[in-house]
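Results of the structural survey
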Amino acid sequence: MNIEVLSKEIDTIIANKASKEEKLQAICDYLESEISYYDWVGFYFINGNKEELKLAQYTGEETEHTIIPFGKGICGQVAVSNQNFVVQDVSEQDNYISCGWKVKSEIVIPIFVDGENIGQIDIDSHTANTFTDNDTILLEYVCKQVATLF
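Residues numbered from 1 in each chain as written. Predicted model: local features only at pLDDT ≥ 70, side-chain atom pairs only at ≥ 80, totals over all residues. Heavy atoms only, no water.

Quick look at the packing of helix α1 (residues 3-15) against helix α2 (residues 20-34) now. Packed helices, taken two at a time, are described by the angle their axes make and the gap between the axes. In contact at an axis separation of 9 Å, α1 and α2 are set at 160 degrees when each is read in the N-to-C sense. Considered as vectors, α1 and α2 are oriented roughly antiparallel to each other. Between α1 and α2 lies a crossing whose hand is right-handed. Touching Val-5, Leu-6, Glu-9, Ile-10, Ile-13 and Ile-14 of α1 are Lys-23, Ala-26, Ile-27, Tyr-30, Leu-31 and Glu-34, all from α2. (Axes fitted to C-alpha atoms, helices over the stretch in contact; angles between N-to-C directions. Helix = DSSP H or I, 4+ residues; strand = E, 2+ residues; numbered from the N terminus. Parallel < 35°, antiparallel > 145°, perpendicular 65-115°, else oblique. Left-handed = near helix turned anticlockwise from the far one by under 90°. Contact = heavy atoms within 4.5 Å.)

Here's what the structure looks like:
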């Protein structure tokens with residue numbers, strides 16, 4: 001994984017004249033195509049003033065998890081904790097919402113605007129024990145750049 005090359009392309013996507021939604025979709029598509037073990041890439045955002053997340057743009061298999069209550073699953077836990085959450089083996093998580101039998105690991109990184117958690121990027125992988133510190137570094141950068149759209 002070349003974080004510098006990936007980050008520059010994220011900067012290019014953020015800087016283009018497309019709508020916020022088109023940029024978010026382009027980021028999902030780019031990350032999923034460039035990183036072999038990113039099998040599902042999506043954004044969830046706080047749903048108004050409800051204590052739930054709503055699925056926005058994503059790339060990968062369709063999911064029934066379009067609304068996730070705070071505290072439920074990995075995404076819901078990140079909405080409450082405001083902390084990165086890396087799960088190397090989803091079968092070891094009690095509070096995991098299965099998005100499909102193929103998913104073996106997941107990483108969720110929150111997006112902050114003015115210190116407030118407004119959403120997150122969620123990556124599912126069909127490979128267990130696949131995420132490294134480089135994934136965290138890259139995805140924190142992605143989230144920081146996405147925050148500029150809000």
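Here the narrative resumes, following the displayed structure.
Pairing within the open sheet is antiparallel, and its six strands lie in the order β3-β2-β1-β6-β5-β4. Each end of this open sheet is capped by a strand with a single partner; those strands are β3 (67-69) and β4 (85-87). When the angles between neighbouring strand axes are averaged without regard to direction, this sheet yields 25 degrees. Two strands pair when backbone bridges link them, and strand β1 (residues 40-46) and strand β2 (residues 52-59) are joined in this way by five bridges, in the antiparallel orientation. Residue pairing for β2: Gly-42 is matched across the bridge by Tyr-58. Seen against the sheet, helix α4 (residues 133-147) touches β1, β4, β5 (105-113) and β6 (116-125) and runs at an angle of roughly 35 degrees to β5. (Pairing = 2+ DSSP bridges.)

Of all hydrophobic cores here, the largest spans 30 residues; its most connected members are Ile-27, Leu-31, Tyr-38, Phe-43 and Ile-121. For this core, the secondary-structure elements that each account for two or more residues are α1, α2, β1, β5, β6 and α4. Looking at this core, the element that brings in the most residues is α4, giving six residues. Once residues within four sequence positions are removed from consideration, Ile-27 is found in contact with Ile-10, Ile-13, Ile-14, Phe-43, Val-142 and Val-146. (Core = buried A, V, L, I, M, F, W, Y, C linked by side-chain atoms within 4.5 Å. Buried < 20%, exposed > 50% of the residue type's maximum accessible area, 1.4 Å probe, protein only.)

Turning our attention to the packing of aromatic side chains. Ring pairs (aromatic) are described by centroid distance and by the angle formed between their planes. The tally for this structure, following the rule as stated, stands at seven aromatic pairs. A ring pair is formed by Tyr-38 and Phe-131, whose centres lie 6.2 Å apart and whose planes are at 55 degrees; its orientation type is tilted. Here the residue Tyr-38 occupies a position in the loop between α2 and β1, and Phe-131 occupies one in the loop between β6 and α4, the gap between them amounting to 93 residues. Assigned by exposure class, Tyr-38 and Phe-131 land together as buried. Seen in terms of ring centroids, Phe-45 and Phe-150 are 5.1 Å apart; in terms of plane orientation they differ by 45 degrees. Their pairing is tilted. Taken together, the positions of Phe-45 in strand β1 and Phe-150 in the segment after α4 put the pair 105 residues apart, joining distant regions of the chain. (Phe/Tyr/Trp six-rings, centres within 6.5 Å; stacked < 30°, edge-to-face > 60°.)

Okay, the pairing of β1 next. By the criterion of burial, β1 is predominantly enclosed, with six of the seven residues buried. Here six bridges tie β1 to β6, and the two strands are oriented antiparallel to one another. Paired with Gly-42 across the strands is Asp-122, a residue of β6. Linking two consecutive strands that pair antiparallel, namely β1 and β2, is a turn of five residues; a positive phi of about 60 degrees is found at Gly-48 within it.

Attention now moves to the environment of Asn-2. Mapping Asn-2 onto the fold places it in the segment before α1. Note: C-alpha distance between Asn-2 and Asn-134 (132 residues apart in sequence) is 8.9 Å.

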